[in-house]
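Spelled out from the first residue to the last, the chains are:
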Amino acid sequence: MKDLKQRHASLFLEVRCQDETPRLPLHSSIVVFLLSYSECKSFEVHLVSDKIDSSLTLQGQLPEFLALRDVRPEELPMLVRGCRLPAVLDETGTLCRAGLAVVLRHIINKSVETEPSKNDVRQLLGFKKTCLKACAEVSNWTRLCEIGIPSAVEEYLRNPNSQQHHPPPPAILTLEQRLSEPVKVHNDDKIRRQKLKQLRQNENNDSPEGSMDSDAGDGLELKAALAKLSVAAAPTPTTRERYEIRKVKTNDLPLLEHVFAEGLYFTLTDVVLLPCIHQYLSFVRTHSASTLHHLPHLLRWYSHVQEVPGVLRAAKACKITLAVPENALPLAAEPPVEGNLASPLEREEETTTQLPFVGGPRPTITKLKENGIEAAFAHHPCPEWTLPWDRLPDAMNPTEGKMSNIRTVRKRQQLNNLVAMVTQLAKPGYTVVDFCSGTGHVGIVLAHTLPLCQVILIENKEESLIRAHSRSVELGLQNIGFIQANLDYFTGPFQIGVALHACGVATDMVMEHCIKAGAAFVISPCCYGFIQNAVKFTFPRSKKFQEALIYKEHMMLCRFADQTAPQLPPERRLIGKQCMGLVDLDRSWCAESHGYRVHVMTMEPETCSPKNNMLVGRPSVEDGPH
């Protein structure tokens, strides 16, 4: 599509049809709301739909300043076609950002970059600019906000008749519970003392029973939150608190209550939630008003959000009519719906909490041996193979990724191993995906070494991917693309997946992605001690290990698999290597149950890394490029 090579980046939003009428799904509506709130005009917005006139139909529902275009799914650029929407393609057409949280954070950064005076937009990223930065695969909170609540509301609105007499969806109840909990914010001691002072003043004024816990505290916290958002924040009082307030220990101070989703301050999370909760409350208020009694904190949050400067303006531009139900503000002391507030978030945290480390791995290793399970390493097919480093361009050298000389030598040795395996598997026309690509050490070398293959680098950290992109531009590589996204947002076809030192469960996520795509894989695992049960995975992975070990015993192997640092005693490193081999044997058997042939081998030389295992797997029946 020639018209996509424009001066501005392209933003792609999904459009769905309901009764032949185009509509924006929630994740698209959320992006549009942020564009309106931030007044960001840095993107050409492409509405992706099979209907060619979606922009005309939806124009009256979207901010007037947006530059809209229609595009069919089959017309999407290759990188965007391989991702779930929303997605942003940069001006070069080679760097794509995909997934709701990644795209929203990019919009904020782009908006502030264009107009540095937009402090209210900058503050959406929260303390240390980490709001929704952790990927949904590992963060319960990001998964709830980015996926859980939008999906739950979409499902609720799709089947409204079946929902009318049921309690709120579990994701909504999880949010309600989160909003009911006290919050901890950076340097909150002063605010908590002010709250104590106000509560005591209310006591002296004989305020009605119960007002201390809701109206008074909420008023102070909301005032502090809105003061932070105002253009000219209120000056900090210079007078010290009275002695009876100052002498109170921090642990005895009153707790702060939620004003917004992340605590006291309005952040990107609130922007994500507002379109979702608005649609949910609008339906419930009309069809099942009794449900609102279970959501007092959510209703209060909905009211608070409307007091933020800019929210009503953005809502009006998006043709959203915000309204607070009459019973929104009082906090009713309603008991939770039976069983509902043992939330999915809590249950997941229970299953993913790592068990305390006790004892050593020998009993577990012995138990496996008694069941006929021992670590075994396949022969390395080309231990002497090496890239011609002296003849490669300087920008391809790992030193360009900002590392020391000693690390550079080891990184070259690691790359020799992975590239050797990939070149044995690759054929002309293949797409090779470098997962968790970092600054591009593996992917850039592969793109240079395999000019007849397409190489895609996928990385969640924007800074690393931008560095990799600049290195590839310097090299003039034409067969390479870059995607900033979580693994789940990449859906494109590929034939080989590669990952160097994929941390913890990232190795399992990459393997799963390759297996779903029917692709071969070359993976070097890392950070075994971070392995734990997650949303998608439970350990052990394979049936044989599940029959022999319980979760706690498998975690013992993972903990000791990290004991391979060169400064450790040789005997301890040997046990660590055994544990690495056993953990990866479990992974390989899991892949084999899906029709793969997998070899666990040691990279050469062994000293190239304390984490020197390499898993090479391929489908038993391989297809060509597709």
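Before reading on, note that the structure itself is shown above.
Draft legend 1. Layout of the overall build of the protein chain. For the protein chain, the helix and strand inventory stands at 22 helices and 14 strands. Across the 626 residues in the protein chain, those meeting the buried criterion constitute 54%. Long-range pairs, those at least 24 residues apart, make up 74% of the contacts in the protein chain with a sequence separation of at least 6. Working note: accessible area of the protein chain is about 29,000 Å², and carbon and sulfur atoms make up 52% of it.

Draft legend 2. Fine view of the packing of aromatic side chains. This structure, assessed with the given rule, holds nine aromatic pairs. Summarising the aromatic geometry, the rings of Phe-435 and Phe-494 are spaced 5.6 Å apart at their centres and angled 70° between planes, so their arrangement reads as edge-to-face. Here the residue Phe-435 occupies a position in strand E8 (residues 431-435), and Phe-494 occupies one in the loop between strand E10 (480-484) and strand E11 (496-503), the gap between them amounting to 59 residues. Phe-494 shares its class with Phe-435; the two are buried. Through pairs of rings, three or more aromatic residues link up here, namely Tyr-37, Phe-260 and Phe-266. Directly above the ring of Trp-141 sits Arg-178, whose terminal nitrogen or CZ lies 3.9 Å from the centroid. Against the face of Trp-589 rests Lys-544, its NZ or CZ located 4.4 Å from the ring centre.

Draft legend 3. Up close: the sheet that holds E8. Taken together, the twelve strands give an open sheet; going across it, the order is E5-E4-E1-E6-E7-E10-E9-E8-E11-E12-E14-E13, and neighbouring strands pair in mixed fashion. Both edges of this open sheet fall to strand E5 (67-71) and strand E13 (596-602), since each of them pairs with a single strand only. Each strand of the sheet is rotated relative to its neighbour by a mean of 20°, with strand direction disregarded. Where E8 meets strand E9 (residues 454-459), five bridges bridge the pair, whose relative direction is parallel. When the bridges of E9 are listed, Asp-434 appears paired with Leu-457. Across the sheet, helix H1 (residues 26-38) touches strand E1 (9-14) and strand E4 (43-48), and the angle it forms with E1 is around 140°. Of the strands in this sheet, strand E12 (520-526), E13 and strand E14 (613-619) touch helix H22 (residues 570-592), which is tilted by about 165° from E13.

Draft legend 4. Helix H21 (residues 551-561), seen in detail. Taking burial as the measure, the eleven residues of H21 include nine buried ones, the bulk of the element. Of the positions making up H21, those classed as buried are Tyr-551, Glu-553, His-554, Met-555, Met-556, Leu-557, Cys-558, Phe-560 and Ala-561.

Draft legend 5. Structural context of the environment of Arg-69. The topology assignment puts Arg-69 in strand E5. Using a relative accessible area of 29% as the deciding quantity, one classes Arg-69 as partly exposed. For the pair formed by Arg-69 and Phe-12, sequence separation is 57 residues and the distance between their alpha carbons is 9.5 Å.

Draft legend 6. Structural detail: the environment of Val-308. Residue placement: Val-308 occurs in the loop between helix H12 (296-305) and helix H13 (311-317). Placed 188 residues apart in sequence, Val-308 and Asp-120 show a C-alpha to C-alpha distance of 10.0 Å.

Draft legend 7. Structural context of the packing of H1 against helix H11 (residues 268-287). Their axes nearest at 9 Å, the elements H1 and H11 cross at an angle of 125°. Taken together, the axes of H1 and H11 are oblique relative to one another. Two packed elements cross with a definite hand, and for H1 against H11 that hand is right-handed. For the pair formed by H1 and H11, the contact residues are Leu-26, Ile-30, Phe-33 and Leu-34 on the first element and Leu-268, Val-271, Val-272, Leu-274, Pro-275, Cys-276 and Gln-279 on the second. Within the contact of H1 with H11, the residues separate by chemical class into ten nonpolar, one polar and no charged.

So, how was this worked out
Along each chain, numbering runs from 1 in the same order as the chain's sequence is written. In view of the model being predicted, local features appear only for residues whose pLDDT reaches at least 70, and side-chain atom pairs are presented and counted only at 80 or more, with totals across whole chains, interfaces and linings using the full set of residues. The basis for every side-chain value is the complete set of non-hydrogen atoms in the structure, without hydrogens or water. Secondary structure counts use DSSP, requiring at least four H or I residues in a row for a helix and at least two E residues in a row for a strand, with both numbered from the N terminus. Three exposure classes are used, based on accessible area relative to the maximum for each residue type with a 1.4 Å probe and protein chains only: buried under 20%, partly exposed in between, and exposed over 50%. The contact criterion used is simple: two residues touch if any of their non-hydrogen atoms lie within 4.5 Å. Methods summary: accessible areas were calculated by the Shrake-Rupley approach with a probe of 1.4 Å, and residue burial reflects only the protein chains presented. Only the six-membered ring of Trp is used, alongside the rings of Phe and Tyr, when aromatic pairs are assigned; centres must lie within 6.5 Å, and planes under 30 degrees apart are stacked while those over 60 apart are edge-to-face, with the rest tilted. In this scheme, Lys NZ or Arg CZ marks a charge over a ring once it lies within 6 Å of the ring centre and within 35 degrees of the ring normal. Strand pairing is defined by DSSP finding a minimum of two bridges between the two strands. Axis definition: a line fitted to C-alpha atoms, limited for helices to the stretch in contact. Angles are taken between N-to-C directions and run from 0 to 180 degrees. Each angle is binned into one of four classes, with values under 35 degrees roughly parallel, values over 145 roughly antiparallel, values of 65 to 115 roughly perpendicular, and all other values oblique. If you view the pair so one helix is near and one far, a crossing is left-handed when the near helix is turned anticlockwise from the far one by less than a right angle, and right-handed when it is turned clockwise. Just so you know the grouping, Ala, Val, Leu, Ile, Met, Phe, Trp, Tyr, Cys and Pro go in nonpolar, Asp, Glu, Lys and Arg go in charged, and all remaining residues, Gly too, go in polar.

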